[in-house]
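Letter by letter, the chains look like this.
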Amino acid sequence: MKRLLTIAIVAFAAGMAAPGAAVAQSLPLPTPLVEEVMVKTSLLTFNDANLTGNYAVMYAKMAKPFRDKFTADTLKQAFKVFAGKHIDIIAAKPIVPTSAAKFGGNGWLMLRGYFDTSPSRLNYELDFAVSEGEWKLIAIDVKVREQSTSDAGGIGLLTHAASDFSAAGK
């Protein structure tokens, strides 16, 4: 089994409705090229925030419903396990979707996949909502899995990070 090297969990409280869901579902799904740009832009912004410890830019790029509910410091706390970690290698790698881009019941655009990096694999689940006239990130779940060790120590961290972040918005 693979061990979770570092984990960060979304990002958004369950059940929160996104304004503009009907608008989002009337938009066409992004082309594969646009999907790749959305994924890489979001994850490279995430990388910059983790390296600098400054989540202000990432926060500013999030959808308004997210910004209304959470703060930049909430992002920093949720992703503290990524502090100082580099994920910028993805810029040179193609995305590998694990499912086709689709709209969730809440109108959010759901992009799922990974980057085939070695010795670890970067997996992502990104949700986008139409906010201020454009697709903006509203939920992010990123995992970097080490290939050589077991999952034993990582599961507790995943649950802990998810429950801490969800509670912050209540």
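Predicted, not measured: the structure shown is a model, and the values here were computed from it.

Draft legend 1. Seen up close, the overall build of the protein. Scanning the protein from N- to C-terminus turns up 6 helices and 6 strands. Along its sequence from the N terminus, the protein presents helices and strands in the succession β-α-α-α-α-α-β-β-β-β-β-α. Among the 170 residues that make up the protein, the fraction classed as buried is 45%. Here the protein displays about 8300 Å² of accessible surface, and carbon together with sulfur accounts for 59% of that area.

Draft legend 2. Structural context of unusual backbone geometry. A cis amide bond links serine 118 with the next residue in sequence, proline 119, at an omega value of 10 degrees. Among the secondary structure elements, proline 119 is positioned in the loop between strand E4 (109-115) and strand E5 (120-131). In this structure, glutamate 132 is a non-glycine residue whose phi angle is positive, near 55 degrees. Along the polypeptide, glutamate 132 turns up in the loop between E5 and strand E6 (134-146).

Draft legend 3. Just the nonpolar core, in detail. Grouped together as the largest cluster of nonpolar side chains are 35 residues, with contacts concentrated most on Leu43, Phe46, Met58, Phe79 and Ile140. Put simply, the parts of the chain that give this core at least two residues each are helix H2 (32-52), helix H3 (56-61), helix H5 (72-78), E4, E5 and E6. A total of 6 residues in this core trace back to one element, the largest contributor, which is E6. With near-sequence residues (within four places) excluded, methionine 58 lies in contact with Thr45, Phe46, Ala49, Leu75, Phe79 and Ile140.

Draft legend 4. Spotlight on the layout of surface pockets. As a volume, the largest pocket reaches approximately 260 Å³. For the largest pocket, the lining is made up of 13 residues, of which Thr41, Ser42, Lys61, Trp135 and Leu137 are closest to its centre. Sorting the residues of the lining of the largest pocket by element identifies H2, H3 and E6 as the ones contributing at least two each. By residue class, the composition of the lining of the largest pocket is 7 nonpolar, 3 polar and 3 charged.

Draft legend 5. Summary view of the pattern of salt bridges. Tallied over the full model, the rule gives 8 salt bridges. Close ionic contact of aspartate 127 with arginine 112 constitutes a salt bridge, the shortest N to O distance being 2.7 Å. Of this pair, aspartate 127 sits in strand E5 while arginine 112 is found in strand E4, placing the two residues 15 residues apart along the sequence. According to the relative accessible area criterion, aspartate 127 is buried, its value standing at 11%. Ionic pairing is found between glutamate 132 and lysine 136, a salt bridge with its closest N-O pair at 2.7 Å. In this structure lysine 136 comes out as buried when scored by relative accessible area, which is 13%. Residues joined by salt bridges that share partners form a network here, namely Arg67, Glu132 and Lys136.

Draft legend 6. Main features of the confidence of the model for the protein. On average, residues of the protein score 77 in pLDDT, and 71% of them reach the 70 mark or higher. Ignoring residues within four places in sequence, the model shows residues 1-19, a span with pLDDT below 50, making 75 contacts including any to other chains. Across residues 149-170 the pLDDT falls below 50, and counting only partners more than four positions away or on other chains, this stretch makes 33 contacts in the model.

Draft legend 7. The pairing of E5, seen in detail. E5 sits mainly inside the fold: 10 of its 12 residues count as buried. Note that E4 and E5 share 7 bridges and pair antiparallel. Note on E5: the bridge partner recorded for tyrosine 114 is asparagine 123. Here E5 runs beside E6; their pairing, made up of 12 bridges, is antiparallel. Within E6, the position partnered with alanine 129 by the bridge is lysine 136. In this antiparallel pair of consecutive strands, E5 and E6, the connection spans 2 residues, and glutamate 132 shows a positive phi of 55 degrees.

Calculation criteria
- Residues numbered from 1 in each chain as written.
- Predicted model: local features only at pLDDT ≥ 70, side-chain atom pairs only at ≥ 80, totals over all residues.
- Heavy atoms only, no water.
- Helix = DSSP H or I, 4+ residues; strand = E, 2+ residues; numbered from the N terminus.
- Buried < 20%, exposed > 50% of the residue type's maximum accessible area, 1.4 Å probe, protein only.
- Areas by Shrake-Rupley, 256 points an atom, 1.4 Å probe, with all protein chains shown as cover.
- Core = buried A, V, L, I, M, F, W, Y, C linked by side-chain atoms within 4.5 Å.
- Contact = heavy atoms within 4.5 Å.
- 1 Å grid on protein atoms, 1.4 Å probe; cavity = no way out; pocket = protein on both sides within 12 Å on 5 of 7 lines; lining within 4 Å.
- Points joined across faces, edges and corners; volume = space filled by probe spheres on them.
- Nonpolar A, V, L, I, M, F, W, Y, C, P; charged D, E, K, R; others polar.
- Salt bridge = Lys/Arg side-chain N within 4 Å of Asp/Glu carboxyl O.
- pLDDT = per-residue confidence, 0-100.
- Pairing = 2+ DSSP bridges.

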